[in-house]
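Summary of the model geometry
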Amino acid sequence: MKRFLPIVAALVLGAAAAHADDSAANFRPTAVTSSGSVTTAAGAVDYQAIAGTLVVHPKEWSDVRDSDNKDNPDAEASMFYVAYFKNGAAAANRPITFLFNGGPGSSSVWVHMGAFGPKRVLVNDDTHTPAAPYSVVNNDESLLDVSDLVFIDAPGTGFSRITGKDKEKSFYGVDQDIHAYASFIQQFLSKYNRWNSPKYLFGESYGTMRSAGLAYALQNEGNVDLNGVILLSQVLNWDSIPDQPEDNPGVDLPYQLALPSYAATAWYHHMIPNRPNDLPAFLHQVEQFDMNDYALALARGNSLEPARRAAIAQKLHDYTGLPVAYILKANLRISYGPFQQQLLADAGLNTGTLDTRFKGPSLDPLAKSAEYDPQSAAISSAYVAAFNGYVRQDLHYGEGLTYNPEIDVYTSWDYKHQPPDAGRPIQSLPNVMPDLATAMKQNPTMKVLLNGGYFDLSTPYYEGWFEMHHMAIPPALQKNIEYRYYQSGHMVYVHLPALKALHDNVAAFIAATSNQGRPN
């Protein structure tokens, strides 16, 4: 899963290190400032931008060292960030939002250059963006109109670096990653005197898992209560995702949670009979079938009667556009890779994973599953090229350094997670629903905004809805969760009408929660 002025002054330690190779000597804080202005619907926002790094250590590390320095792991991470502060805004009243993508192993380039930064790269909505030169424009939907912003690159991604003997073990894992971000945020609040600001997290994709864990970790490791957590393209429980569910027979829930996104995709590509005009109403109908007749049929397994099997297959055809014979051959269980490959197979095309509005030629028409993601192929070069130019020309950071938009840690990631009240990390696919639930119960004024794209097969929108409705929280706290959905994909902001709606929803959420609970 994947998943974004000109006057320069060097601040504090090692401005020169910001322009040098990433050797161990450079693992110290750096910062370079510049100024700029962005025009939004609310008017012009003049800001100070700071591009720099903060150094974090593993959880076992302490700045109180014994004489032999034996008790401290030697690993450390230099985490890169770009912060935008509105000029003249009082820090105590000005919200601050920490933003990141996911992966794991993704930098924040996508949400930075596509969603809420002051500059945005222009890409095609659902087709391949032509090669360079790319256009970088004023971002009318920058979130700077309501909040200061801090875009953070995960350890090892972007300009962030890790070093030391145990560096991968220390930072590449669910709990290790959460601790690194919690440490970073606490340092940042101190460095820029933002402890009394209204505080928000914005995480996309794996970043939603990080956000759920962070909300709990910040409360319990740093006494930091958040005003709100904003989630985009949610996955909190990895047992729910449709990533090769055939390898886990007997667990049918991923097939159910992906079905509405299959239906949305077939609707978009005009592959279903009697296509209705109202997509949300159509998907509500699919959801009702999904959690009733379809769920009961899957639960019957191989004991399902032939007539009932045929009826369910016909209904799945009506909702997905796939041939009945194929659905029966798949035993009513459709994985997202084969779905992508099969839906437009007659035209020699496969759809995207991140955004199924995108389509591209099948690399192997006889393959079982789609072998690449057309959206990634269509827009990634534009994002990466745009940021590499912007960070060096406008933010004056990165000379001599390589920016890593993504790194390959997916298969080596430590997925063990220790939920609240557990005595040890759990050996299973991670589930941070207990973390978010506990954080909401400990801080009952914290609100959550869940955003999802209908055309996302990487983290299907209905999966997020299902997870939120199965968290162990009292009914009163369910009212603290808002839901917003868009006719777009995983990166909902690629579709400009969805970007505007996303901005407006997030801005309204921040405005409504930034002063709650303040004594008179």
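Data block above holds the structure.
The paragraphs below set out a description of the structure included in this document. Note that the coordinates shown come from a computational prediction; the quantities given were computed from them, not determined experimentally.

**Focus: the environment of His503**
If you trace the backbone, His503 turns up in helix H14 (residues 496-513). Between the alpha carbons of His503 and Glu141 there is a distance of 6.0 Å; along the sequence they are 362 residues apart.

**Here we look at helix H9 (residues 336-343)**
Of all eight residues in H9, seven are buried; the element is thus mostly enclosed. When H9 is considered as a whole, its buried residues turn out to be Tyr336, Gly337, Pro338, Phe339, Gln340, Gln341 and Leu343. Along its buried surface, H9 packs onto helix H5 (253-268), helix H7 (306-320), helix H8 (324-329) and strand S12 (349-351).

**Focus: the pattern of salt bridges**
If you walk through the whole model with that rule in mind, you get 12 salt bridges. We note a salt bridge from Asp414 to Lys416, for which the minimum N-O separation is 3.0 Å. Judged by relative accessible area, Asp414 falls into the partly exposed class, the value being 22%. On the basis of relative accessibility, which here comes to 29%, the residue Lys416 falls in the partly exposed class. Its salt-bridge partner being Arg484, residue Glu482 comes within 3.4 Å of it at the nearest N-O pair. Overall, Arg484 belongs to the partly exposed group, its relative accessible area being 32%.

**With respect to the nonpolar core**
Core analysis: the largest hydrophobic core is formed by 63 residues, its most contacted members being Tyr81, Phe184 and Phe188. It is helix H3 (residues 174-191) that provides the largest number of residues to this core, a total of nine residues. Ignoring anything within four residues of it in the chain, the contact list for Phe188 reads Leu54, Tyr81, Ala83, Phe85, Ile96, Phe98 and Val150. Counting 53 residues, the second largest nonpolar core, distinct from the first, contains Tyr84, Phe358, Phe387 and Tyr403.

**Focus: empty space enclosed by the protein**
Over the atoms rolls a probe the size of a water molecule, and in doing so it shows where empty space is left. Put simply, the second largest cavity is a space of about 50 Å³. Every residue along the wall of the second largest cavity is listed here: Gly105, Ala154, Pro155, Thr157, Phe171, Tyr172, Asp177, Arg210, Ile407, Val409 and Trp413. Looking at side-chain class alone, the lining of the second largest cavity contains seven nonpolar, two polar and two charged residues.

**Considering the layout of surface pockets**
The volume enclosed by the largest pocket comes to roughly 680 Å³. As for the largest pocket, its lining consists of 25 residues, and the residues nearest its centre are Lys59, Glu60, Asp175, Gln176 and His179. Elements supplying a minimum of two residues to the lining of the largest pocket: helix H2 (167-171), H3 and helix H4 (206-222). Here the element with the most residues in the lining of the largest pocket is H4; it accounts for five residues. In the lining of the largest pocket, the residues fall into nine nonpolar, seven polar and nine charged.

**Examining the environment of Met433**
Its location among the elements puts Met433 in helix H11 (residues 433-442). The sequence separation of Met433 and Leu226 amounts to 207 residues, and the corresponding C-alpha distance is 17 Å. Setting aside anything within four residues of it in sequence, one finds Met433 in contact with Leu236, Asn237, Glu467, His470 and Met471.

**Describing the environment of Phe151**
Mapped onto the fold, Phe151 is located in strand S8 (residues 148-152). For Phe151, a relative accessible area of 1% corresponds to the buried category. Sequence-wise, Phe151 and Gly117 are 34 residues apart; in three dimensions their C-alpha atoms are separated by 8.5 Å.

**Re the packing of helix H1 (residues 109-116) against H14**
The relative placement of two packed helices comes down to the angle between their axes together with the axis-to-axis distance. For the pair H1 and H14, the least separation of the axes is 10 Å and the interaxial angle reads 95°. As far as their axial angle goes, H14 and H1 are roughly perpendicular. Contacts from Gly114, Ala115 and Phe116 in H1 reach Leu499, Leu502, His503 and Val506 in H14.

**Describing unusual backbone geometry**
Between Gly103 and the following residue, Pro104, the backbone shows a cis peptide bond with an omega angle of 0°. Looking at where Pro104 falls in the secondary structure, it is placed in the loop between strand S5 (96-100) and H1. Put simply, Ala132 and Pro133 share a cis peptide bond, and its omega is 10°. By the secondary structure assignment, Pro133 is in the loop between strand S6 (119-121) and strand S7 (136-138). For Ser205, which is not glycine, the phi dihedral falls at a positive 60°. Here Ser205 lies in the loop between strand S10 (199-204) and H4. Classification of Ser205 as buried rests on a relative accessible area of 0%.

Rules used in this analysis
Residues numbered from 1 in each chain as written. Predicted model: local features only at pLDDT ≥ 70, side-chain atom pairs only at ≥ 80, totals over all residues. Heavy atoms only, no water. Helix = DSSP H or I, 4+ residues; strand = E, 2+ residues; numbered from the N terminus. Buried < 20%, exposed > 50% of the residue type's maximum accessible area, 1.4 Å probe, protein only. Contact = heavy atoms within 4.5 Å. Salt bridge = Lys/Arg side-chain N within 4 Å of Asp/Glu carboxyl O. Core = buried A, V, L, I, M, F, W, Y, C linked by side-chain atoms within 4.5 Å. 1 Å grid on protein atoms, 1.4 Å probe; cavity = no way out; pocket = protein on both sides within 12 Å on 5 of 7 lines; lining within 4 Å. Points joined across faces, edges and corners; volume = space filled by probe spheres on them. Nonpolar A, V, L, I, M, F, W, Y, C, P; charged D, E, K, R; others polar. Axes fitted to C-alpha atoms, helices over the stretch in contact; angles between N-to-C directions. Parallel < 35°, antiparallel > 145°, perpendicular 65-115°, else oblique.

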